[in-house]
Every structure is written in C-alpha cells, then in structure tokens.
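The chain contents come next:
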Number of protein chains: 4
Amino acid sequence: MTMRGFLYPRTGTGRASLIPPPPWHYSGDLLTVEYRTDPAKVAALLPEPLSPADHEPGAVAVIWADWQSCSEGGEELLDPVRSQYKECFVVVRCQYAGQTYSRCVFIWVDKDFAIARGLHQGYPKKLGSIHQTRPHPYGPAPRIEAGARFGATLAAGDRRLAEAVLRLERPSEHNGFVNGHPMAHHRWLPSVVKGEPDSLNELIRSGAAVVTAGQAWSGSAELRLFDSPTEELAELTVEEPLGAYYRQIGVTWDGGTVLA
Amino acid sequence: MTMRGFLYPRTGTGRASLIPPPPWHYSGDLLTVEYRTDPAKVAALLPEPLSPADHEPGAVAVIWADWQSCSEGGEELLDPVRSQYKECFVVVRCQYAGQTYSRCVFIWVDKDFAIARGLHQGYPKKLGSIHQTRPHPYGPAPRIEAGARFGATLAAGDRRLAEAVLRLERPSEHNGFVNGHPMAHHRWLPSVVKGEPDSLNELIRSGAAVVTAGQAWSGSAELRLFDSPTEELAELTVEEPLGAYYRQIGVTWDGGTVLA
Amino acid sequence: MTMRGFLYPRTGTGRASLIPPPPWHYSGDLLTVEYRTDPAKVAALLPEPLSPADHEPGAVAVIWADWQSCSEGGEELLDPVRSQYKECFVVVRCQYAGQTYSRCVFIWVDKDFAIARGLHQGYPKKLGSIHQTRPHPYGPAPRIEAGARFGATLAAGDRRLAEAVLRLERPSEHNGFVNGHPMAHHRWLPSVVKGEPDSLNELIRSGAAVVTAGQAWSGSAELRLFDSPTEELAELTVEEPLGAYYRQIGVTWDGGTVLA
Amino acid sequence: MTMRGFLYPRTGTGRASLIPPPPWHYSGDLLTVEYRTDPAKVAALLPEPLSPADHEPGAVAVIWADWQSCSEGGEELLDPVRSQYKECFVVVRCQYAGQTYSRCVFIWVDKDFAIARGLHQGYPKKLGSIHQTRPHPYGPAPRIEAGARFGATLAAGDRRLAEAVLRLERPSEHNGFVNGHPMAHHRWLPSVVKGEPDSLNELIRSGAAVVTAGQAWSGSAELRLFDSPTEELAELTVEEPLGAYYRQIGVTWDGGTVLA
C-alpha cells in the first residue's frame, strides 16, 4: 500500500501523522537572555565537523518562547490544543566551512507535535514545563515598555531547571546576536543493531523562511540555572551577563539543506 | 499558637497559604458565547431563594478566559506558574429580592490557586483543560479585527466537553448581557457528620471592584457541547444563538457581601 | 428548586457534583518516613485549642500514597481517571481534651476530586506532582521484601519539594506511630466580607471507618526536603530519623464528628 | 569534540541524553483486547514490503500497559517520574519474507523518554493520557481473579479516543495472539530538504530479549473507539470480538535487526 503522512504514523490518508508537512507558521513572543560562559564548555558541546566560533565562542542565549503554530491552512489555530506550545531553548555559536552558525544545544517543549518538528529540524527536544509572563494591555500584567518585568521558568522531571526575570529598558535594533545565524544541527538516530554506527547522522542547515517582527526591546536579566541528575544546562554557568531582549515575531519554517 | 494565612494550610507565618488575601488582580482575554436554552433548564439550577430572571430567563453565557493574576504586590507575575491560568465557565441569570444577578453554574480551571479563590467566591470550580486562541500582532494567529477567528475548547476527565469557534464582526458597545450583573453565588460545605445539615450554606453577592477594558467586539459563534457521565453542561442545549464577544480586560476583586 | 449533590456544583440531579457522598473506599500503597524535628516547629503549626502532644511532640511523618478510590457502587474504578490519584502528606501529633490526635499539616494531591474530599475532611490540599515506586512481581521493579528499595518524590509549582528513598528491612507490627491516631483537623473558610471573622471555623475529628491491611514492613529512609517561596515543608527539618514503613491497605471513610 | 549520549542531546559526558543505551528493563501490567476488523483496513496500514498475514489478516489488538522501566543499573526506579509511564497501543499482524510479524500501527504514551525509545524501536508514539485499573490486594480495587473488572481509557488532544472494560473469566495459556510475534516496524525520517526522499527509511525487526510473566487471564471486554480530527484509530471498527486478556510481565529489550 502507498503510505501517506509526513511523519509517523503513516497511513493510507496521512491524517494521523503527528505533524503535517512544512511550511509551518508561528506567532510568538521571545524572551532572550544572553551571557558568556567558559568557551571550553561551549566547545565541549560541538561535535565534528563544527568548531568554536572565532568571535564570542563562549556566548550563550537562553530563550523562552510562547508559540501559536500551524501548518498551511491554519486549522490548528482553531483547536488551540493542537497549536499552542511553549519552549525554552539554549543556543550557542559555532563555525563550519568558514561560516558562523547558531546551534541549539538543549531545548524543552510542552507538546508532542513540537517534539516531532524538532526531530525533523535537529532540535534536541525533551518535554518540560515552561512558563513566561505575557504582556497585556490591561490589569497587572506588563505592557511592552520601559520598566516592564517578565518572568520565565523551566522545569523538567519535576525539578526547576532555570528561572529568569527580565526588565525592559529601551527599544533595541536587534534581538540579540547568539541566535541570529542559520542553525547548524545534527539529526542523529542510533542503529537498532547494538554496536553498529548511527543509522542517521546528518549535519543540516536551516532557518526561518519568512520573519515579521515587532520592535525589539533590550534590558537586563537575572538568570538562575539549577542542577538535575539528567541535565547539563547548569554546567553552562553565567560568567558575564551580556543582555536581555523581548520581541514578538511571526515566522515561517520551510525546510533546510544538508551540510554534511 | 496564632495561625496566619488567608486559606489553608495556616501556619505561624501564613506563607504556605494556598492563596493570599484579596485584593486579587487579573489581566485577561474573554471569549463569550451567548445563547438561549429552555428556561426550565436554567430554573432547575437555581436553588432557593433565587428565582428565574424576569427577562431572558433562558439565557446562557459560556465564557473562556485566559488569565494572569496576582495578589497585592504582584510577585506571582514573575513566577508565572503561580499567576497564569485558564478557565471556562457557564453563567445564567437569576433574581433575588427584586434584583437581577448573574450566577456561575459550572466552571473549570487549570490551577489549584484558582480553585481556592472559587471556594471563597462561590464559583463551583473543577479542574479542566482549557484552551483558547490568543490574538497576536505577527504571524498566523489572529489580530483583533473583523473576520478574525478564535477557537476555544474545554475538556475534563479526558473527555472534551465544549468547543467553540468565534468570528469577530464589528466593535460592540458591550461584552454580552448574561455575565453583566453582580454574581449571586452559594458557598456550601456539607457537615462532616453524616445526615446533618450543611456546615456552611450562604448566599453571597460579589463582583469586580475595578474594571478596565479594551474595545469589545461582537460576532458569531459555533458552539458544541458534549456529554459526560459526570457533567451536566450538555443539558443546557443551544436552542437559539444570541451572540458572541471578545474583550481584553483588567479586573480587581476585593470581597463581597452576604445576601442570605 | 431542590438542589442535589454532595458538593458543588449542585443541580437538580446531583450528577455533576465534584464528589459523591461518603462512604468513600480506597485501595492503596503507603510509604511512610518518620523523624523528629524541633518540637517548637510542630507547635507553631497547632492552632488553638490544640496543644503539643505530651509524648513525641516533635515527631513528623511524611507519607506518600498511591490510591484507587471510589464511592459506594465503585463505578469510578472502571473509568480510572476518576479513581486514581497520588498524594504526599505531612502528619504531626497533637493533643485535645486529654487525647492524642494526628493532624495533617501539609498535603498535595494530583486530582480535583481529592482536593474536594480534603475540603470536607479538613485536609489542606494543594495540587502537586507525586510519584512513588510501585512493587511488582516481575522485572526490575521491587518485590515487597527485605532489601527492596522504593523512591518517592513530591513537586509543586514546578519545584521539587521532597524526595525519599526507603529500604525495606523486616516485617513490622505497625506502620509507624505518627499517623496512628484519629485526625484532628480544622475546616476553615474566610468570610467573603473583608475584615469579618471566618465563615466556617470548625475543629473536627475523623478517621477510617474500616481498614484492611497487608503485612507492614519497616526499614530505613533518606529524606530530603527542599525550599520554595510558597511552602513551609522544608522548615520541618529532619533532626533525627525515626523509621520508615511500607504497607498496602484498604480503607473506608464515612464521616466524622465536630469537636469544637 | 567527541560526543557521548545514546540519543540527543549529545554532550561530552552523555548525561543529558534523553535515553540511555539498551538494555531497557520493564515491569508492567498489560490489558489486551483483541477483535477482527475489515482486513482491508489493516492492509491499508501496511507499507511495502509488508503484506497482510495469511492467517487472521483483520485481527487487531488494543493494549494498555502500565510500566515501570529503567536502564541497566536501575536508578530511574528510585526517581519514579523518570521510570513510570503508561501507554495504549494498537497492534496488527503482517507478513514479510514468509514470516508472520506483529506491527504497532498506533501508540500513545505519557512521557518523553517513552517517545524517544519508540523512535529507536519504530513505535509511532504520540503523547496521550492513559489510565487503567490496577489490581490491589485490599479495598475496592480488583484482585486478579475470575469476575474482576478492569477499566482502561485513552485520550489525546483533550479528546477521549478509546475506552474498555475487561472482565476476567479464567486462567489462560496465552495473552492473545496478535502481539505475539516479532515486531516489524519502520523507522522513517523525512529529508530536511523539501521534495527529497526520506533520510531514513528502514524496516526493522525487534522483540523482547527476556520475558518473565505471571499467569495470564482471559475474559471478555467492551471496547469503544471514538473519532478525532487527527487520529484514525476509530476506523479500525470492531467487527467481531475475539478475546480479552490480563497479564503481569517483566521484559528486557536489547536491540533489533534491520530487515530492509
């Protein structure tokens, strides 16, 4: 039989596939905290053929995002359990073939369709519990303005892994520099046969196909990272704060290329 | 020892109390669907000394709300797992001592602090899973404008109980009429002694102390209600659609009065 | 109209009530860790007219329980999302009118029907995420036997609050002594009118109406308590371990009496 | 740098990997409902080079499982949020190179580590909410004996997808026949480049390396399947009930082989 469906489970119709094919469209709010850690700690997360970035090799961005996402047609938006998810992800910089890339080294999301998209895009997604303050025009929640404060937290396995409070200070011409390059990600799957090499081991490049964005804001942040027996995020200690950013964006993702 | 704490668990410091004392402040988005059901079905949900409203005795509002809330000082906003919650609630109209009241007959929320506030305010809160489309200025999520569509769903006990799609059509001078009165709620707690009368049986009146609100929008909605062995929401069948509304608000709640 | 339903929401039929009337029946596994803390810390959790126990006034039991529960008739057992829940609770000893009582000072559960039963019984229930190793006759999970190890964890608000590992050593004639008395609990509800005294302030006594139980086991435990901005469990520091117990039980609860 | 870790995220130490390498060990309880559907519906779920089974080509098993699992060493058992999960999966029969295989066509689990193991093993896992009655020696929960009744439910996306009630009747020499063969699964990952063939498209064979099992019981079941916009389970209509089974097992999984 011919099987249809972008990902599993594949069926005759493709309706049950965990995710539909790209393009995937997103509306979301990003809270970004950037800092410098020991560059050796970043280098230890870069498999061959990637090498540390020439510039800012110890820079780290911890980013919270609150998304509504959909496939072409947008029907998920009207059944929002299928559209909304939150994530917290950690990005570093690296270099390949003379070009600088961003690379997500850790990421937690709260829905299975987001895990599945990460499989495709090379984001190493786990499940977590993610929260971030949302701006609101009325009542006690913050407006997007100087002095506004936004909190953000991450937990997984019933342990808090990270928390941040950002304070907006001024409009910014950018939303940080660590996550600003095309992504260089690996897609790995071990062989089902013990001892054999990976069945899939690809270095891919991808990035947003279309981005629309509101005014970025910069400010300052307190960031705290907590240890866990099954995580290594807290190893990326904050040696020097670099900046904090807030931005609302719309983005479309529509595939990538294979680098190696 | 002197115990402190607005609600349980009470301790020497009051820090562990499930909720702090009012005032409670909220920022949120409301999706409202109003319709007429058989007035006898509404009357069957009104205990003495309440009686059916003279006007529109069969009117029902099903309302989804996406909240960020906090106590005085607002610290919960920066640890948003303690601030954010969603709810779906069902409001009817009733009459007491010659005045028209709104009354929440069913309500589901997704956090314990929201359940606890409901105990205090007489909202009959259960846990549920609630989702609603959020407006966003970029990407595929809707702006607040004519033609925008918002979805909303409710589940409890692993069963979907309600789903709606609203389509905004035009600015409105109001946000519906069913939930527009002071609330007349009962606070009931059975006696721990079997066969004895309720230990608490109060009719209270409460409402928002302060409200700020954006432009309301009206439109049309499709609403579907589903049966469950432990719910009676689906009994309130949609006999005649009345309207649908969208509004962003800020509100403060700061106590009520005892009616009977 | 006549309203039916043990708790809210009350309706003409009572079907939607969050919980049915007692008796409530339970099957479950209990993991108990007992220790001594500073008796002053226990005393600080005892409101009048309770006083510290003459004997072992600093004893604390932290108890994890994995339950299947139902009302008369047992239909919840066949729709287990309505039957199963887990809890972690903290019990101390106290005295009233010359008699020793147990008292639950903190408790977390993972279902709304369990919160509602706690309202009735005076257990100060919050939502949490609770896990405990279950015994199993096959594979890597432990049998109930000497040397078996059971883990147990508690989290709330995306923070881990407690974790324990118990090691069974020998059959025991009892399951600990801290939770072995009738419970002396308060049922409190603040007035909806600001500044007024509590609308409900009762001291009640209750306990199991029927208990069947398997062989208790005793052993040793490591217990770790973690701080949180909204909890006071970690204040009850472990000064001296007393014991650890494992037992499977069946229990029926069927009401209590008012002490004061 | 050398990267360690069985799956992503790979790091210098491998500690953060979502799952450790096999062997994986499991203790669990299985509830199995077997029936015949239209063989054409099963055939429509079999991609080349698989073909329908010669014998019972329309047989389906819907299986609920309540697991505690761990890697070599077993540390996850003592932090049970990392060990326990539940699943509901749907198995059919098929044929390849003259041999009969079982094949999981749909499966829902409630933890990310279970999703990750499924990636490796070719189980098409989504997240769901799964519940099943557990046997217990005391109180109202059932013993494993004639007349005992067990409920089981599955939901995903806030919709109930399946529910069953099993009644045990007699000891059985087996636990059903649909899931009794080695598994023939595909491991698929689309190319990140739009329009290119799958980057991974493997047919693998795997099965338990070690099994220990208690007495199987057979009986009868009522099974109900519900539709959802994103699922195709309800298409596998129950045309003729075949049997229902209950068994407790221990199992070890330790890799597979590539068939094609």
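Residues numbered from 1 in each chain as written. Chains lettered and ligands numbered in written order. Predicted model: local features only at pLDDT ≥ 70, side-chain atom pairs only at ≥ 80, totals over all residues. Heavy atoms only, no water.

An unreviewed UniProt entry lists chain A under the name Carboxy-lyase, with Kutzneria albida DSM 43870 given as the organism.

**Topic: the overall build of chain A**
Counted only if it meets this: By the criteria applied, helices consist of DSSP H or I runs no shorter than four residues and strands consist of E runs no shorter than two, each listed in order from the N terminus. Just to be clear, the radius of gyration here is over C-alpha atoms, and the globule rule we use is 2.2 Å times residues to the power 0.38. By definition in these notes, contact holds between two residues if any of their heavy atoms fall within 4.5 Å. We get accessible surface area from the Shrake-Rupley algorithm with a probe of 1.4 Å; when it comes to residues, only the shown protein chains can shield them.
Broken down by element type, chain A carries two helices and 13 strands. Taken against the 2.2 N^0.38 rule, which gives 18 Å for 260 residues, the C-alpha radius of gyration of chain A at 19 Å falls within 12% of a compact globule. Pairs at least 24 residues apart make up 67% of the contacts formed inside chain A by residues separated by at least 6 positions. Within the structure as shown, chain A displays about 8,800 Å² of accessible surface, and the carbon and sulfur contribution to it stands at 49%.

**Some points on the environment of B:Gln215**
All names here are of chain B. The criterion, for reference: Exposure is judged per residue with a 1.4 Å probe applied to protein chains only, and the accessible area is read against the type maximum: over 50% gives exposed, under 20% gives buried, and values in between give partly exposed. Here a polar contact is recorded for every N or O atom pair within 3.5 Å, except that within protein the pair must consist of a potential hydrogen donor and a potential acceptor, and residues adjacent in sequence are included only if both atoms are side-chain atoms.
Summarising the element assignment, Gln215 is placed in the loop between strand E11 (200-213) and strand E12 (216-225). Relative accessible area serves as the criterion here: at 46%, Gln215 is assigned to the partly exposed category. As for Gln215 and Ile144, which are separated by 71 residues in sequence, their C-alpha atoms are 9.6 Å apart. In contact with Gln215, other than residues within four places in its own chain, are Pro171, Ser172, Tyr246 and Arg247. For Gln215, the side chain forms a polar contact with the main-chain oxygen of Ser172, separated by 3.0 Å.

**As for the interface of chain A and chain D**
To keep it simple, the criterion reads: Salt bridges are defined as contacts in which a side-chain nitrogen from Lys or Arg sits within 4 Å of a carboxyl oxygen from Asp or Glu.
Taken together, the 66 residues of chain A in the interface contact 66 residues of chain D. There are 10 salt bridges connecting chain A and chain D. Note that D:Asp79 and A:Arg159 form a salt bridge whose closest N and O atoms lie 3.0 Å from each other. If you look at where chain A meets chain D, you find 36 residue pairs in polar contact (both at pLDDT 80 or more). Elements represented by at least two residues in the side of chain A that touches chain D include exactly strand E5 (99-109), helix H2 (112-121), strand E6 (125-127), strand E10 (183-189), strand E11 (200-213) and strand E13 (240-258) of chain A. Broken down by element, the residue count for the side of chain A that touches chain D peaks at six residues, all from E13(A).

**Considering H2(A)**
Since the α-helix advances by 3.6 residues per turn, residues separated by three or four positions end up pointing in the same direction. Residues and elements named next belong to chain A. For H2, the tally of buried residues reaches 10 of 10 residues, placing the bulk of the element in the interior. For H2, every residue scored as buried is listed here: Asp112, Phe113, Ala114, Ile115, Ala116, Arg117, Gly118, Leu119, His120 and Gln121. Immediately beyond the C-terminal end of H2, within one or two residues, lies Gly122, with a positive phi of roughly 80°.

**Comments concerning the pairing of strand E8 (residues 149-156) of chain D**
Residues and elements named next belong to chain D. Stated precisely, the cut-off is as follows: For two strands to pair, DSSP has to find at least two bridges joining them.
Of all eight residues in E8, seven are buried; the element is thus mostly enclosed. Pairing analysis gives four bridges linking strand E7 (residues 129-132) to E8, with the strands arranged antiparallel. Counted as the bridge partner of His131 is Thr153 from E8. Note: E8 against strand E9 (residues 159-172), eight bridges, orientation antiparallel. Residue pairing across strands places Arg149 opposite Arg167, the latter belonging to E9.

**So, the interface of chain B and chain C**
Stated precisely, the cut-off is as follows: What gets called buried area is simply the loss in accessible area from a 1.4 Å probe that two parts show on being joined, summed for both. Only Asp, Glu, Lys and Arg are considered charged, only Ala, Val, Leu, Ile, Met, Phe, Trp, Tyr, Cys and Pro nonpolar, and every remaining residue, Gly among them, polar.
The interface of chain B with chain C comprises 66 residues on the first partner and 66 residues on the second. Where chain B abuts chain C, roughly 5,600 Å² becomes buried across the two surfaces, and 61% of that area is made up of carbon and sulfur atoms. The tally of links between chain B and chain C comes to 10 salt bridges. Where B:Asp254 meets C:Lys194, a salt bridge forms, and the shortest distance between an N and an O atom there is 2.6 Å. The interface formed by chain B and chain C includes 36 residue pairs in polar contact (both at pLDDT 80 or more). Breaking the side of chain B that touches chain C down by element, the ones donating at least two residues are strand E5 (99-109), helix H2 (112-121), strand E6 (125-127), strand E10 (183-189), E11 and strand E13 (240-258) of chain B. In terms of residues, the side of chain B that touches chain C owes the most to one element, E13(B), which gives six residues. In the side of chain B that touches chain C, the residues fall into 32 nonpolar, 14 polar and 20 charged.

**So, the side chain of A:His186**
Residue and element names in this part refer to chain A. By the element assignment, His186 lies in strand E10. Accessibility expressed as a relative area gives 8% for His186, which makes it buried. Within the structure, His186 has its side chain in polar contact with the side chain of Arg103 (distance 3.1 Å). In this structure, His186 is in contact with Pro47, Glu48, Pro49, Leu50, Arg103, Gly122, Asn201, Glu202 and Leu203, ignoring residues within four places of it in sequence.

**Observations concerning the relation of the copies chain B and chain C**
Worth spelling out the cut-off: Here the copies are matched by least squares. The fit uses the C-alpha atoms of residues with pLDDT of at least 70 in both.
For the match of chain B to chain C, the screw axis carries a shift of 0.0 Å, the RMSD comes to 0.0 Å, and the turn is 180°. The transformation just described matches what one would write down for a two-fold rotation axis. Residue B:Leu200, judged by its C-alpha, is the member of chain B lying nearest the rotation axis, at 3.4 Å. A shared interface surface links the copies, since 100% of the contact residues of chain B are contact residues in chain C too.

**Some details on the pattern of salt bridges**
One side chain can pair with another of opposite charge once the charged atoms of both are near each other. Taken as a whole, this structure holds 72 salt bridges over all chains when the rule is applied. Measuring nitrogen to oxygen at the nearest pair gives 3.7 Å for the salt bridge that ties D:Arg134 to D:Asp66. A residue pair is termed long-range when its members are at least 10 positions apart, and D:Arg134 in the loop between E7 and E8 and D:Asp66 in strand E3 (residues 59-71) qualify at 68 residues. The pair D:Arg134 / D:Asp66 is uniform in exposure class, with both members buried. Linked by salt bridges that have partners in common, A:Glu75, A:Asp79, A:Arg82, B:Arg160, B:Glu163, B:Arg224 and D:Arg159 make up one network.

**Some thoughts on the relation of the copies chain A and chain D**
With an RMSD of 0.0 Å, the fit of chain A onto chain D corresponds to turning through 180° and sliding 0.0 Å along the axis. When the interface residues of chain A are mapped onto chain D, 100% of them are again interface residues, pointing to one common binding face.

**Brief notes about the state of the cysteines**
Residue and element names in this part refer to chain A. For clarity, the cut-off: Any pair of cysteine sulfurs within 2.5 Å is marked as a disulfide.
According to the stated counting rule, one finds zero disulfides over all chains in the structure shown. A disulfide-free cysteine, Cys104 has its sulfur positioned 9.4 Å from the sulfur of Cys88, the nearest such atom. Overall, Cys104 belongs to the buried group, its relative accessible area being 4%.

**Brief notes about the packing of aromatic side chains**
Each aromatic ring pair is described using two quantities: the centre-to-centre distance and the angle formed by the ring planes. Put simply, the rule is: For this analysis, a ring pair means two rings from Phe, Tyr or Trp (six-membered ring only for Trp) whose centres lie within 6.5 Å, classed as stacked if their planes differ by under 30 degrees, edge-to-face if by over 60, and tilted for the remaining angles.
As enumerated under the stated definition, the model contains 32 aromatic pairs over all chains in all. Aromatic pair C:Tyr85 and C:Phe113: ring centres 5.7 Å apart, planes at 90°, arrangement edge-to-face. Note that C:Tyr85 is positioned in strand E4 (residues 84-96) and C:Phe113 in helix H2 (residues 112-121), a separation of 28 residues in sequence. According to the relative accessible area criterion, C:Tyr85 is buried, its value standing at 3%. Here the aromatic rings of D:Phe6 and D:Trp24 are separated by 6.1 Å at their centres, their planes lie at 85°, and the arrangement is edge-to-face. In this pair, D:Phe6 sits in the segment before strand E1 (24-36) while D:Trp24 sits in strand E1, placing the two residues 18 residues apart along the sequence. Across the pair, D:Trp24 and D:Phe6 agree in class, each one buried.

**Section: the confidence of the model for chain A**
For any part of a model where pLDDT is low, the fine detail of the predicted coordinates should not be relied upon. Counted only if it meets this: For every residue, the pLDDT score states the predictor's confidence, bounded by 0 at the bottom and 100 at the top.
Looking at chain A, pLDDT values average 98 and 100% of them are 70 or higher. Here the predicted complex scores 0.98 on pTM and 0.97 on ipTM.

**Concerning unusual backbone geometry**
The residue after B:Tyr8, namely B:Pro9, is reached through a cis peptide bond having omega -20°. For B:Pro9, the location among the structural elements is in the segment before strand E1 (24-36). In this model, C:Pro22 is joined to C:Pro23 through a cis peptide bond whose omega is 10°. Considering the arrangement of structural elements, one finds C:Pro23 in the segment before strand E1 (24-36).

**Concerning the environment of D:Ala155**
Along the chain, D:Ala155 turns up in strand E8. D:Ala155 gets classed as buried once you look at its relative accessible area, which sits at 3%. In contact with D:Ala155, not counting residues within four places along its chain, are B:Asp158, D:Gly128, D:Ser129, D:Arg160 and D:Leu161.

**Let's talk about the environment of B:Lys41**
Residue and element names in this part refer to chain B. Within the secondary structure, Lys41 is located in helix H1 (residues 39-43). Given the relative accessible area of 28%, Lys41 is considered partly exposed. Each C-alpha atom of the pair Lys41 and Gly58 lies 7.6 Å from the other, and the pair is 17 residues apart in sequence. Within the structure, Lys41 has its side chain in polar contact with the side chain of Thr237 (distance 2.9 Å).

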